[in-house]
Amino acid sequence: MTSTTRLTVAQALVRFLAAQYTERDGVRQRLIGATWGIFGHGNVAGLGQALVEYADVMPYHQGRNEQSMVHAAVGYTRQSNRLSTHAVTTSIGPGATNLVTGAALATINHLPVLLLPGDIFATRPADPVLQQLEVPYAGDVSVNDTLRPVSRYFDRVTRPEALIPAALQAMRVLTDPVETGAVTLALPQDVQAEAHDWPDEFFAERTWVVRRPGPDATELAEAVHAIRAARRPLVVAGGGVHHSRAEETLAEFAEATGIPVASTQAGKGSLRYDHPQDVGGVGHTGTATADELARTADLVIGVGTRYTDFTTASNTLFAGEGVRFLNLNIAAHDGHKLAGLPLVADARIALTELTQSLGMHEYRVPDAYVTEYTEDKERWEQRVDACYEADEPDVRPTQPQVLGALDAIVDETDVIINAAGSLPGDLHKLWRARSRDQYHLEYGYSCMGYEIPAALGVKLAAPDRPVWALVGDGTYLMMPTEIVTAVQEGVAIKILLVQNHGYASIGGLSEETGGERYGTAYRYRSEDGTFTGAPLPVDLAANAASLGMRVLRAKTVRDLRAALAEARAADTPTCVYVETQTADTVSGAPPAQAWWDVPVAETATRASAVKARELYERHVSTRRRHL
């Protein structure tokens, strides 16, 4: 007879989660490392009580905002190579709907996170209950259904017995390298507290093997044939290189063949910046070196990339006559993009086999091609030096000079985190990534507010490494709340807070597309009704200090260098605050090296919009379909 243990649904779930492990390449670790939570009536007596009951086996972190808790979990799982993640529990109502943005971010970036929102009563003793959305045409719908389209797996556990298959399916999706993303188990508040006799096998340790599928022999042969026929091939390294831990294998492939490697935002750091074959970021925010190679490539070898519009410059970048695509990706969906030859496999396994097969044929790109991209890369590095250099150390820095000051003090152990605004473009072009995981850009969803909570998650996964959240004033105002959590738990994250008085990135885009920077500056209203008055007297440094963080103010380049060095050595949460000057043609970042499609008004009376439309039509005419 099967032995059982009587527990509530919430208690059973916590015990189950504590016994789940992943294994890849012989390394085993906890799948659910901890649970984040904000409690309300929808989860306090269920999961809240269960977390108290099993505090010895399930660590708990107290969050301040539900969205930011998901961001922290995502930061943790990305730093953990998707092999370990966190769970997030909320009450019903606004607590649950606050998860949606974080869930979308996780799913778009293929990063696993487990969401456990409370839900309305399954037994409906009163209808409606507090915070319940009434849907006249469907009695089984709650606000948690907003999580369905942004979750890779969704289930509502309306009976205790249903937890077992739902929990097992949830773990399967979390550990599937193709399917992974946000997983949601909606938990009605009455069911959470209901007791049931659970088979003890449900709580036994379970190891989920994260597979590394090899390539199909026919696809591999076609890939080798395509590469051997190429004279100007280019690798586009995406986030899948990091997820597979294929960085060393990619380096071996590049060194053996001489093929240059460009990187997406997610793939930057696949090769160190000083590796001979690394040519920097590619696409709208890429380097001149990588983008010119992309324009003239006859074969584009995508490794773990989704080919977003920033990477392809909205399908205007890869312009070579007869250019073909070879797509090495663990997901068949991405392997077939741009009418490419698919090589559906784990990146590390497939790159190893490609290198071996090409070595047998003694394939290597022409020496002239190597000389060309090597010299172009040297010229680009000189441009980076010019952007970073500050001839006058006693003036306010430009944003590139801020990055240059940070670049001068970090080593391969530092991790920098960013997601939105003008910083991603500057970082993609200019940052010199020194290790595989130093460059942590969330650019799949480019979510303002991600950086600070993500830094908290990264630091929890890598407590011995300096972790920097790079944020502008717009992003900071979106979500500074987890500073309180960092202070509470003594997690020594570092925030580099750049004040530029508004949405700098969108302001520039607005100007380019005929919007005249309307509504993008943080300034007083002028007499004409626009926001073009004096800067607002907002003191974000004082705000960070009021949340308990140590703050170092830097007014000049010289101040900034000293403050960054002091912050890096600090063992408490520390913020460096700096106000930047407007970038000029000497010290500003280089402009975009490739186009990005943001449609411009087809009809307008204002001269700025008319001019922008003319330029837009010229760019659109260069777009092509790769069929």
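Before any of the text, the structure's been laid out above.
Definitions and limits used
Counting of residues starts from 1 at the beginning of each chain's written sequence and follows it residue by residue. In view of the model being predicted, local features appear only for residues whose pLDDT reaches at least 70, and side-chain atom pairs are presented and counted only at 80 or more, with totals across whole chains, interfaces and linings using the full set of residues. Where side-chain values are given, they derive from all heavy atoms of the structure, hydrogens and water being excluded. Secondary structure is summarised from DSSP: a helix means a run of H or I of at least four residues, a strand means a run of E of at least two, and numbering begins at the N terminus for each. Here the globule rule reads 2.2 Å times residues to the power 0.38, and the radius of gyration is calculated from C-alpha atoms. Here a residue-residue contact requires only that any non-hydrogen atoms of the pair lie within 4.5 Å. Note on areas: Shrake-Rupley, 1.4 Å probe, and residue coverage restricted to the protein chains presented here. Axis geometry follows a simple rule: fit a line to the C-alpha atoms, using only the stretch in contact for helices, then measure angles between N-to-C directions, giving values from 0 to 180 degrees. Each angle gets one of four labels, with under 35 degrees taken as roughly parallel, over 145 as roughly antiparallel, 65 to 115 as roughly perpendicular, and the rest as oblique. By convention, the crossing between two helices is left-handed when the near helix turns anticlockwise from the far helix through less than a right angle, and right-handed when the turn is clockwise. All residues other than Ala, Val, Leu, Ile, Met, Phe, Trp, Tyr, Cys, Pro, Asp, Glu, Lys and Arg, Gly among them, are scored as polar; the first ten of these are nonpolar and the last four charged. Residues enter a nonpolar core if they are buried and are Ala, Val, Leu, Ile, Met, Phe, Trp, Tyr or Cys, with the set joined through side-chain atoms within 4.5 Å. Working definition: with a 1.4 Å probe on protein chains only, accessible area under 20% of the residue-type maximum means buried, over 50% means exposed, and in between means partly exposed. Think of a 1 Å grid over just the protein atoms. A cavity is a set of points where a 1.4 Å probe fits yet cannot get out, a pocket is an open set with protein on both sides within 12 Å along at least five of seven lines, and lining residues have an atom within 4 Å of a point. Grid points are joined across faces, edges and corners, and a volume is the space filled by probe spheres set on the points.

Q: Before we move on, can you summarise the overall build of the protein chain with the specific residues and values?
A: When you go through the protein chain residue by residue, the secondary structure sums to 24 helices and 23 strands. Relative to the globule expectation of 25 Å for 627 residues, the C-alpha radius of gyration of the protein chain, 25 Å, shows essentially globular dimensions. A principal-axis box enclosing the C-alpha atoms of the protein chain has dimensions of 75 × 70 × 55 Å. Taking all contacts inside the protein chain whose residues are at least 6 apart in sequence as the whole, residues at least 24 apart take part in 76%. Summed over all atoms, the accessible surface of the protein chain reaches about 25100 Å², with 51% contributed by carbon and sulfur.

Q: Describe the packing of helix α1 (residues 9-18) against helix α2 (residues 44-53), naming the residues involved and giving the relevant values.
A: Where α1 contacts α2, the two axes come as close as 8 Å, and the packing angle between them is 50°. Between α1 and α2, the angle is such that the two are oblique. Taken as a pair, α1 and α2 cross one another with a handedness that is right-handed. Contacts from A10, Q11, L13 and V14 in α1 reach G46, L47, Q49, A50, L51 and E53 in α2. Of the residues assigned to the contact of α1 with α2, the class counts are six nonpolar, three polar and one charged.

Q: Describe the nonpolar core, naming the residues involved and giving the relevant values.
A: One finds I227, L250, F253, I301 and L354 to be the most contacted residues of the largest nonpolar core, which totals 53 residues. With sequence-adjacent residues up to four places away left out, L250 is seen in contact with V235, A237, V241, V261, S270, L271 and L351.

Q: Tell me about empty space enclosed by the protein, residues and numbers included.
A: Overall, the coordinates contain three cavities of 30 Å³ or more when judged by the stated rule. Reported here for the largest cavity is a volume of approximately 100 Å³. Secondary-structure elements contributing two or more residues to the lining of the largest cavity are β14 (278-281), α15 (367-388) and α17 (423-430). Here the residues of the lining of the largest cavity are counted per class, giving six nonpolar, five polar and six charged.

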